[in-house]
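# Survey of secondary and tertiary structure
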2 protein chains.
Amino acid sequence: MSDSESEAALIESLFAPLSLGAKGSFGLRDDVAFLPSPLHGHIVTQDQIIEGTHFLPNDPLDMIAKRLVRRNLSDLIAKGGVPTAAFLSLAWPKSRDRAGLTLFARGLGEDLAQLCGDCPLMGGDTSETSGPLVASLTMLGTGTTPTGQPVLRSGAQSGDVVVVTGVIGDAYLGLQARLDRLPASQVPGCVAFSLAPHPPSVALSPLIGRYANASIDVSDGLILDAQRIAIASSLRVDLTLEAMPLSTEAAAYQGLGSIQERALALATGGDDYQPLLTLTPVNFDAFKEAAATLGISATRIGKCTQGGGLQLTYDGLALEMPLHSGWQI
Amino acid sequence: MSDSESEAALIESLFAPLSLGAKGSFGLRDDVAFLPSPLHGHIVTQDQIIEGTHFLPNDPLDMIAKRLVRRNLSDLIAKGGVPTAAFLSLAWPKSRDRAGLTLFARGLGEDLAQLCGDCPLMGGDTSETSGPLVASLTMLGTGTTPTGQPVLRSGAQSGDVVVVTGVIGDAYLGLQARLDRLPASQVPGCVAFSLAPHPPSVALSPLIGRYANASIDVSDGLILDAQRIAIASSLRVDLTLEAMPLSTEAAAYQGLGSIQERALALATGGDDYQPLLTLTPVNFDAFKEAAATLGISATRIGKCTQGGGLQLTYDGLALEMPLHSGWQI
């Protein structure tokens, strides 16, 4: 970046507007922020994106910023949280220019405003790096359960149904197409989605806070994330992969081997950013109906019973757990 | 790192112990943390360290982690805050091994325990990078002013004295010696200090919260940080550099040119991690006496008056503002 523009000037022009005048942000002109206490407490999540690990070097910079926001927002929504404040740490490559930083800030601001309900950027740290771009976002929110506590992985009960919102697999198919591993012309919607996959509306959070016993966002792969609920809740989780909700494009795509192989690929692809929930059957009915009024689908894809571990079936046929069950780093 | 060890296993063995059993950390086994609301609110700071920008590639990894903690702690103490929770984002180079990560986690844990009053690590994100090490820490704390608000840069009043705790310049001299720009044998204490410069005890925070009108930590250089108070408070700040407190080693070192040139070098070196405060003269006396009972020195190095800008003198002689007044990225 230009030596003639100080860090303070950059923050003033690009990031201070994203504080949206929030009182405790001090216009991003001080060294700290002040967050007044909500009734119960803050739910806090923190996720980073790293060039070469989480995105491709040529991805558009506004989309990279959006991915960062959505990784965090997805965690918060899955836990029944509503965003209230964000903090950005940015290690910006010396080789990238100010126009790129402007684009990054624009993407960040658009998502914080539009997807996160005008969530202010309250602070952070911007520095230069000689290496790849690394950005970390800390997002705080308030809970929607009666105690303000987040909905955890560990709350599943025997008898719960396992439910996922939206569809699974589009981000995976889109990424494969962008890596030239399958024809982009057959999955154009997936390609667009995969640039910055997004969670459902934050309006879903209060329904999760009200109805769900356990929850996790599907970011590392449906199978791996379902396994995490099974482990944390000390229960057996059965997933019926034929019930996994697919987009029209994903359902029509024939290129991943047998129908079972396709299901396993999509269920381990990750970056879906849909909440994976367990609920009592009665609460599922209420949740599904309320989510439908928001235009959000909820699909039953499994159940919780006494025992342990994750079992996969497709139309009644038991499937081996794939060696690669999802993304762990 | 070894492919055989999952992210979850790494977190369990290296980072979960740093959560110190804090209830809302969920043992670092969930996707979010829960922070109960303190009486007024949280003060939040976030700073990162980047290999090649903030530390040298061969610096010991426990010292690198300590630098990260101390950068944040220094901000919090200067604002009158007492740490309550930390979150770590870590982009860990594939080229570094698990022993290095273990050392990093140990340094982090030692400082959070010993310098931050058993501050728990409540969450974060660990990922691999093909580039240099980047780590960001988000630190939350409670304020010690009557309203819980942080002491800002902008609160200085005309008539305030300008005060710094401890000594200035040791981190600069130590770094220069480590870069072979001056003989390490003449400043051994500075060399040791510069590996992980540390702020004063967190016991100082309540005194800052009680007595100071404005405050900033000296991290980018005394002159630049004093200028920031002048700008934020719309006042003139006069610094009398002959009063700048130096360690015995720094005072004895003769290698930086004239006595004025040495003062300017030390006052722009940065990484001092001492609070730079403005207080009424009466409050300064009380602060100084109370700080002394903690073994912390407080030295008057200037004053605030009507007007604007920063003026530098040495024994009454006006000094030009140096072209490089401190570190801005």
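Reference entry: report on the structure contained in this document. What you are looking at is a predicted structure, and each value in this text was computed from that prediction instead of being measured.

Conventions and cut-offs
- Residues numbered from 1 in each chain as written.
- Chains lettered and ligands numbered in written order.
- Predicted model: local features only at pLDDT ≥ 70, side-chain atom pairs only at ≥ 80, totals over all residues.
- Heavy atoms only, no water.
- Helix = DSSP H or I, 4+ residues; strand = E, 2+ residues; numbered from the N terminus.
- Buried < 20%, exposed > 50% of the residue type's maximum accessible area, 1.4 Å probe, protein only.
- Contact = heavy atoms within 4.5 Å.
- Phe/Tyr/Trp six-rings, centres within 6.5 Å; stacked < 30°, edge-to-face > 60°.
- Pairing = 2+ DSSP bridges.
- Axes fitted to C-alpha atoms, helices over the stretch in contact; angles between N-to-C directions.

## A look at unusual backbone geometry
At A:L28, a residue that is not glycine, the phi angle is positive and equals roughly 60 degrees. As for its placement among the helices and strands, A:L28 is situated in the loop between α1 (7-15) and β1 (33-36). Since its relative accessible area comes to 15%, A:L28 is described here as buried. The phi torsion at B:D118 lies on the positive side, around 55 degrees, for a residue other than glycine. Relative to the assigned elements, B:D118 resides in the loop between α3 (98-114) and β4 (121-129).

## Thoughts on the environment of A:R106
Residue and element names in this part refer to chain A. Relative to the helices and strands, R106 is located in helix α3 (residues 98-114). Assessed through its relative accessible area of 49%, R106 is described here as partly exposed. Put simply, R106 and R181 are 75 residues apart on the chain and 31 Å apart in space, counted from C-alpha to C-alpha.

## Here's the deal with the side chain of A:Q176
Here A:Q176 lies in helix α4 (residues 170-178). Excluding anything up to four places from it in sequence, A:Q176 contacts A:R181 and A:L182.

## With respect to the packing of aromatic side chains
For any pair of aromatic rings, the description rests on two quantities: the centre-to-centre distance and the angle between the ring planes. Residue and element names in this part refer to chain B. Following the criterion strictly, the structure yields 2 aromatic pairs over all chains and no others. Seen from their ring centres, W92 and F104 are 6.0 Å apart, and the 70 degrees between their planes marks the pair as edge-to-face. Remark: F104 occurs in helix α3 and W92 occurs in strand β3 (residues 81-93); sequence separation between them is 12 residues. For the pair W92 and F104, a shared accessibility class is recorded, and that class is buried.

## As for the sheet that holds strand β10 (residues 298-305) of chain A
Residue and element names in this part refer to chain A. Strands sit in the order β7-β9-β6-β10-β8-β11-β12 across an open sheet of 7 strands; the sheet is mixed. Whereas interior strands pair on both sides, the edge strands pair on one side only; in this sheet they are β7 (214-218) and β12 (317-319). Between one strand and the next, the sheet's axes are offset by a mean angle of 30 degrees, whatever the strand orientation. Contacting β7 and β9 (274-279), helix α2 (residues 61-78) crosses the sheet at an angle of about 160 degrees to β7. Here helix α9 (residues 259-266) sits on the sheet in contact with β11 (309-314) and β12, set at roughly 140 degrees to β11.

## Notes on the pairing of β9(A)
Residue and element names in this part refer to chain A. Across the 6 residues of β9, 6 count as buried, placing the element largely inside the fold. Here β9 shows a buried face lined by Q274, L276 and T278 and a second buried face lined by P275, L277 and L279. Inspection of the sheet shows strand β6 (residues 161-165) paired to β9 by 4 bridges, in the antiparallel sense. Its bridge partner being in β9, V164 is matched across the sheet by L276. Of the strand pairs in this sheet, β7 and β9 are connected by 5 bridges, and their pairing is antiparallel. The residue bridging D217 from the neighbouring strand is P275, located in β9.

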